[in-house]
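Structural characterization, general
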Amino acid sequence: MASRPFLATATMCLLAGLDLGAAVLAQRYAEHRSALILAAGCVSACVVFLVYSRSLRYADLTTVTFGWVVLLELGVMVWERSRGVVFGTDKLVALAALVALQAYLMLSPSVA
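These lines cover the structure that appears in this document, whether it is placed above or below. All residue numbers here refer to positions counted from 1 along the written sequence of the relevant chain. Given that this is a predicted model, residues contribute local features only at a pLDDT of at least 70 and side-chain atom pairs are listed and counted only at 80 or more, while totals for whole chains, interfaces and linings are drawn from all residues. Each side-chain value is worked out from all heavy atoms of the structure, with water and hydrogens disregarded.

Once that is clear, we can look at the side chain of Glu 73. With respect to the helices and strands, Glu 73 occurs in helix H3 (residues 61-82). The side chain of Glu 73 is buried and forms no salt bridge, while Lys 91, the nearest opposite charge, is found at 14 Å. In contact with Glu 73, other than residues within four places in its own chain, are Leu 95, Leu 98, Val 99 and Gln 102. Secondary structure is summarised from DSSP: a helix means a run of H or I of at least four residues, a strand means a run of E of at least two, and numbering begins at the N terminus for each. Three exposure classes are used, based on accessible area relative to the maximum for each residue type with a 1.4 Å probe and protein chains only: buried under 20%, partly exposed in between, and exposed over 50%. In this tally Asp and Glu are treated as negative and Lys and Arg as positive; neither His nor the chain ends contributes. Put simply, a salt bridge is a Lys or Arg side-chain nitrogen that is within 4 Å of an Asp or Glu carboxyl oxygen. Note on contacts: a residue pair is in contact if any heavy atoms of the two residues lie within 4.5 Å.

For Phe, Tyr and Trp, where Trp contributes only its six-membered ring, two rings pair if their centres lie within 6.5 Å, and the inter-plane angle classes them as stacked under 30 degrees, edge-to-face over 60, or tilted in between. Per the stated rule, a full pass over the model turns up 1 aromatic pair. Ring centres of Tyr 52 and Trp 68 lie 4.7 Å apart, and the angle between their planes is 65 degrees; this geometry places the pair in the edge-to-face category. Of this pair, Tyr 52 sits in helix H2 (residues 35-55) while Trp 68 sits in helix H3, and the two are 16 residues apart along the sequence. With a relative accessible area of 13%, Trp 68 lands in the buried category.

This paragraph deals with the nonpolar core. Within soluble globular proteins, side chains that are nonpolar generally end up buried alongside one another. What makes a nonpolar core is a set of buried Ala, Val, Leu, Ile, Met, Phe, Trp, Tyr and Cys residues whose side-chain atoms join them at distances within 4.5 Å. If you look at the biggest cluster of nonpolar residues, it comprises 12 residues: Ala 8, Met 12, Leu 15, Ala 16, Leu 20, Val 48, Val 51, Tyr 52, Ala 59, Val 64, Trp 68 and Leu 72. If you list the elements that add at least two residues to this core, you get helix H1 (4-32), H2 and H3. Ranked by residues supplied to this core, first place goes to H1 with 5 residues. In this structure, Tyr 52 is in contact with Leu 15, Leu 61, Val 64, Thr 65 and Trp 68, ignoring residues within four places of it in sequence.

Quick look at the pattern of salt bridges now. Following the criterion strictly, the structure yields 1 salt bridge and no others. Between Arg 83 and Glu 80 there is a salt bridge whose closest N-O contact spans 3.9 Å. On the basis of relative accessibility, which here comes to 41%, the residue Arg 83 falls in the partly exposed class.

A few words now on the packing of H1 against H2. Axis angle and axis distance: for two packed helices, these are the angle between their axes and the distance between the axes, and together they describe the pair. Comment: axis = line fitted to C-alpha atoms, over the contacting stretch for helices; angle = value between 0 and 180 degrees taken between N-to-C directions. Two numbers describe how H1 lies on H2: the axes approach to 9 Å, and their chain directions differ by 160 degrees. In this view, H1 runs roughly antiparallel relative to H2, as classed from their interaxial angle. Remark: the crossing between H1 and H2 carries left-handed chirality. Between H1, through Thr 11, Leu 14, Leu 15, Leu 18, Asp 19, Ala 22, Leu 25, Arg 28 and Tyr 29, and H2, the contact on the second element is made entirely by Ile 37, Leu 38, Ala 40, Gly 41, Ser 44, Val 47, Val 48, Val 51, Tyr 52 and Ser 55. Taken together, the residues that form the contact of H1 with H2 break down as 13 nonpolar, 4 polar and 2 charged. Oblique is the label for every angle not falling under 35 degrees (roughly parallel), over 145 degrees (roughly antiparallel), or within 65 to 115 degrees (roughly perpendicular). Crossings are sorted by hand: turned counterclockwise from the far helix by less than a right angle, the near helix makes the crossing left-handed, and turned clockwise it makes it right-handed. Basically, the charged four are Asp, Glu, Lys and Arg, the nonpolar ten are Ala, Val, Leu, Ile, Met, Phe, Trp, Tyr, Cys and Pro, and anything else, Gly included, counts as polar.

It is worth spelling out the side chain of Ser 55 at this point. Note that Ser 55 resides in helix H2. Residue Ser 55 is classed as buried on the basis of its relative accessible area of 0%. With near-sequence residues (within four places) excluded, Ser 55 lies in contact with Thr 11, Leu 15 and Val 64.

Printed below as a string of structure tokens:
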């Protein structure tokens, strides 16, 4: 049987992939207004919810959400780069700072 950290990491990757797919479908729907694309996006969003709810069996909410968001941000950057968008150093530094701040907010211990 696989370990819980492996399952949590795998579900974060799956969530990011599904969410990125849903974002791409939303972009396509905005361009083409196809009912088939809309339906696929709705199904994708429902699958994201189901995977998210199942992932909470293996890891806490903060960890899963943080991993998912960071991987999604990286996925969006890679997707946009593949479409020809060039990101300057300033935007890459901003992304790194954003990820660092998210890590601080979500993973640092809270003081009561």
